[in-house]
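Structural characterization, general
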Amino acid sequence: MQTNHSNGCGCTSRRGFIGFSFGAVAAVGGLFALGAMKKTWDPLPSVRAAGFTTVDLSPLKDGEFSQVEWRKKPIFIVKKSADMKPNDNRDIVMGDGRYMVVIGLCTHLGCIPSWSAANKQFKCACHGGEFDDSGLNTFGPPPRPLDIPPFRIDGTKLVLGETGPEYEKLVAQA
């Protein structure tokens, strides 16, 4: 004859108690593993901070070239002077100034062109590609103009990496 001893946990035997304990430990371990997996999916704070770069355009003089880095890519900024041809489809207008802002990678093979202030154009030394002061391809193998990075205007500052209405307008026109 078998007696049924209950120890209050719903387990009727030593084997049942050990099985229940193992299941509880496995469930807790699984919850910790899911938490760790979620943490690895979240971007690191340094990556999140690298997504946006703020550039103050007010110190730039007419005709001046500036280069900043955004997401490990060079960003070329030129404040257009009166002798530079305005391009309403690609220029950023802030106050009384017009700016050309592009990702400084040649659209042919990704080389970094250099700015020639005398000729007011970008030249890619690798294959002879040329871009004008609006970032349009004018000579050589580049298949398209220099790309415009996503941006938002905040007063006299340009926030790279965030899409604003000015960027949406330029992309729709280009």
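Everything below is about the structure printed above this text.
As a further point, take the overall build of the chain. Summing up its helical and strand segments, the chain has three helices and 11 strands in all. Mapped in sequence order, the helices and strands of the chain form the string α-α-β-β-β-β-β-β-β-β-β-β-β-α. Across the 174 residues in the chain, those meeting the buried criterion constitute 33%. Long-range pairs, those at least 24 residues apart, make up 44% of the contacts in the chain between residues at least 6 apart in sequence. For the chain, the accessible surface area stands at approximately 11000 Å², while carbon and sulfur atoms represent 58% of it.

Turning to the packing of aromatic side chains, a few remarks are in order. Counted according to the given criterion, the structure contains six aromatic pairs. Here Phe 76 and Phe 122 contribute two aromatic rings whose centre-to-centre distance is 5.1 Å and whose plane-to-plane angle is 5°, an arrangement assigned as stacked. One end of the pair, Phe 76, is in strand 3 (residues 73-79); the other, Phe 122, is in strand 7 (residues 121-123), with 46 residues separating them in the sequence. Phe 122 matches Phe 76 in its accessibility class, with the two residues each being buried. Feature note: the residues Phe 65, Phe 76, Trp 115 and Phe 122 constitute an aromatic cluster, connected by ring pairs.

A separate point is the sheet that holds strand 9 (residues 137-139). Pairing is antiparallel across the open sheet formed by four strands, whose spatial order is 6-7-8-9. Two strands bound the open sheet, and with one partner strand each, they are strand 6 (114-116) and strand 9. Taken over all neighbouring pairs, the strand axes of this sheet differ in orientation by 35° on average, direction set aside. Pairing geometry for strand 7 and strand 8 (residues 130-132), over three bridges, is antiparallel. Directly across from Lys 123, in strand 8, lies its bridge partner Glu 130.

This brings us to the layout of surface pockets. The computed volume of the largest pocket comes to approximately 170 Å³. Of all the secondary structure elements, the ones that give two or more residues to the lining of the largest pocket are strand 4 (92-94), strand 10 (151-154) and helix 3 (165-173). Class assignment for the residues of the lining of the largest pocket results in five nonpolar, one polar and five charged.

Membership of the largest hydrophobic core comes to 19 residues, with the highest contact counts inside it found for Ile 77, Ile 92, Phe 151 and Leu 160. At the level of elements, strand 2 (65-70), strand 3, strand 4, strand 5 (97-103), strand 10, strand 11 (157-160) and helix 3 are the ones that each hand at least two residues to this core. For this core, the element with the highest residue contribution is strand 5, accounting for three residues. With 12 residues, the next largest nonpolar core counts Cys 111, Phe 122, Cys 124 and Phe 131 among its residues.

Okay, the pairing of strand 10 next. The side-chain alternation of strand 10 yields one buried face, formed by Phe 151 and Ile 153, and one unburied face, formed by Arg 152 and Asp 154. Pairing geometry for strand 10 and strand 11, over four bridges, is antiparallel. Bridge pairing in strand 11 links Arg 152 to Val 159. Hairpin connection, strand 10 to strand 11: the antiparallel pair is bridged by two residues, and Gly 155 has positive phi, about 70°.

Thresholds applied
- The numbering scheme is per chain: residues are counted from 1 as the chain's sequence reads.
- In keeping with the model being predicted, local features are shown solely for residues with a pLDDT of at least 70 and side-chain atom pairs are shown and tallied solely at 80 or more, while totals for entire chains, interfaces and linings include all residues.
- As a convention, hydrogens and water are excluded, and side-chain values are obtained from all of the structure's heavy atoms.
- For the purposes of this entry, the term helix denotes a DSSP run of H or I that reaches at least four residues, the term strand denotes a run of E that reaches at least two, and both are numbered from the N terminus.
- Between buried and exposed lies partly exposed: a residue is buried under 20% and exposed over 50% of the maximum accessible area for its type, with that area taken using a 1.4 Å probe on protein chains only.
- Contact definition: two residues touch when any of their heavy atoms are within 4.5 Å.
- Only the protein chains shown count as cover for residues, and the accessible areas themselves come from Shrake-Rupley with a 1.4 Å probe.
- Here the aromatic set is Phe, Tyr and Trp, taking the six-membered ring for Trp, and pairing holds for ring centres within 6.5 Å; pairs whose planes are under 30 degrees apart are stacked, those over 60 apart are edge-to-face, and all others are tilted.
- A pair of strands is considered paired only if DSSP assigns at least 2 bridges between the two.
- Only the contacting stretch of a helix is used when fitting its axis, a line to C-alpha atoms as for every element, and angles between N-to-C directions run 0 to 180 degrees.
- Cavities and pockets are defined on a 1 Å grid built over the protein atoms alone: a cavity is a set of grid points where a 1.4 Å probe fits but cannot escape, while a pocket is an open set with protein on both sides within 12 Å along at least five of seven lines, and lining residues are those with an atom within 4 Å of any such point.
- Grid points are joined across faces, edges and corners, and a volume is the space filled by probe spheres set on the points.
- The classification used treats Ala, Val, Leu, Ile, Met, Phe, Trp, Tyr, Cys and Pro as nonpolar, Asp, Glu, Lys and Arg as charged, and all other residues, Gly among them, as polar.
- Take the buried residues of types Ala, Val, Leu, Ile, Met, Phe, Trp, Tyr and Cys, join any two whose side-chain atoms come within 4.5 Å, and each joined set is a nonpolar core.

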